[in-house]
Amino acid sequence: MNLEEAKKALDKVIRKTRSHFYKPIQIAEVLYRDRVIGDINLLQLDTYRTVSRRWRDHICLEFVGRTSTSSARYQDDVFNDNATPPSILAILGQENRNHQGIVEAYIYRNFFQRLSQMSSGLDYCQQHDQNHFRLEEFLQLFWLEPGLKRSIDKIYEIVVYALFSAIIDCLEISVKVTVSEMKVNILKEFSDFSEKVLQLSPADPCLEIKGQLHRVGTTNAADRGLDMWANFGLTIQIKHLSLTEELAEGIVNEVSSDRMVIICKDAEQKMIISLLNQIGWRSKIQSIITEKELINWYNKALRGRYADVLAEKVLSNLRQEIAVEFPATDHQKFLAFRDERGYSHLQNSCWP
């Protein structure tokens, strides 16, 4: 293993990471600790594997407002043989020490570039009102920029939630929960449970609540589970797919709901349906929505007959969820951090 190969391994991690840059930042902080404090041995993983998460989280909270919620095992993948194991970190560390943090500066330069790319994509939502927002243009910003393409699944999830939640809200759906007359005696026996958990009582055995759709929250690509759930029984996973054998296998392995929604390119709809039928999982899929349909629904919501009640809700949902998922970073704060670390004079250095 030489320096050129070590840099290729690092670039692979950077290329595959999503916008929050958790793994590259963890690598940078390990190298920083090795260079500045020197209390770890890069060839001995146990000296930094666990504690480096804390070093990474300190930086991530400062600049992206959150920390990784993935399993410890997934977080440790950054040190696997197919990423940046100790043998590679040792080579990077030597180069980093010899050149005053040049590898750290390289990682954070890529981080800053990714943040800038994300800002340019997300500014579209802030700068376009209901008359000028075009979903196809917005999505294209992420498809055309390699640094943003890794986040396309999350963007589709947000886009779907923003629309679906607004329509459900405007429909004023209500959900009724009642107890069978045949089971009133059980309700009386467990009245304290029913009141505290179900909000039902023998005197009032009926409950009516507003129908709502919820996002489960921000997750890592490796985490499985629901993307959205509704209090009227609907559970949804949103996957933007490009049909390959690997992704087809992923459909089977990742479905945790029996009412899954798939979003796909129009040209792939028939192939996906055929594939799902072949593997016997078609019954798991509630519906397949094409990008064309999604674009049409956005056009109707923003500029159609009921735009006066839907448009602002859709755009508000979209902006709010994007702000939560991709918090904006204070560029001046980052530049101050860069200067404090001494990366400024290394920003334009060609490495290696």
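Fair warning: this is a prediction, and the values are worked out from it, not measured in the lab. (Residues numbered from 1 in each chain as written. Predicted model: local features only at pLDDT ≥ 70, side-chain atom pairs only at ≥ 80, totals over all residues. Heavy atoms only, no water.)

Considering the environment of isoleucine 152
Mapped onto the elements of the fold, isoleucine 152 is located in helix α9 (residues 152–171). By relative accessible area, isoleucine 152 is classed as buried at 7%. A C-alpha to C-alpha distance of 8.0 Å links isoleucine 152 and leucine 139, two positions 13 residues apart in sequence. Every residue in contact with isoleucine 152, bar those within four places of it in the chain, is listed here: Leu139, Phe142 and Trp143. (Helix = DSSP H or I, 4+ residues; strand = E, 2+ residues; numbered from the N terminus. Buried < 20%, exposed > 50% of the residue type's maximum accessible area, 1.4 Å probe, protein only. Contact = heavy atoms within 4.5 Å.)

As for the confidence of the model for the chain
Of all residues in the chain, 86% have pLDDT values of 70 or greater, and the mean over the chain is 84. Confidence over residues 218–225 falls short of pLDDT 50; this stretch has 16 contacts with residues more than four positions distant or in other chains. (pLDDT = per-residue confidence, 0-100.)

Brief notes about the sheet that holds strand β3 (residues 213–215)
Pairing in this open sheet of three strands is antiparallel, and the strands run β3-β4-β5 from one edge to the other. Since the sheet does not close on itself, it has two edges, and those belong to β3 and β5 (235–236), each with one partner. Judged from the three bridges that link them, β3 and strand β4 (residues 228–230) form a sheet pairing that is antiparallel. Bridging across to β4, leucine 213 finds its partner in alanine 230. The strands that α9 touches are β3, β4 and β5; relative to β3, the one it contacts most, it runs at about 160°. (Pairing = 2+ DSSP bridges. Axes fitted to C-alpha atoms, helices over the stretch in contact; angles between N-to-C directions.)

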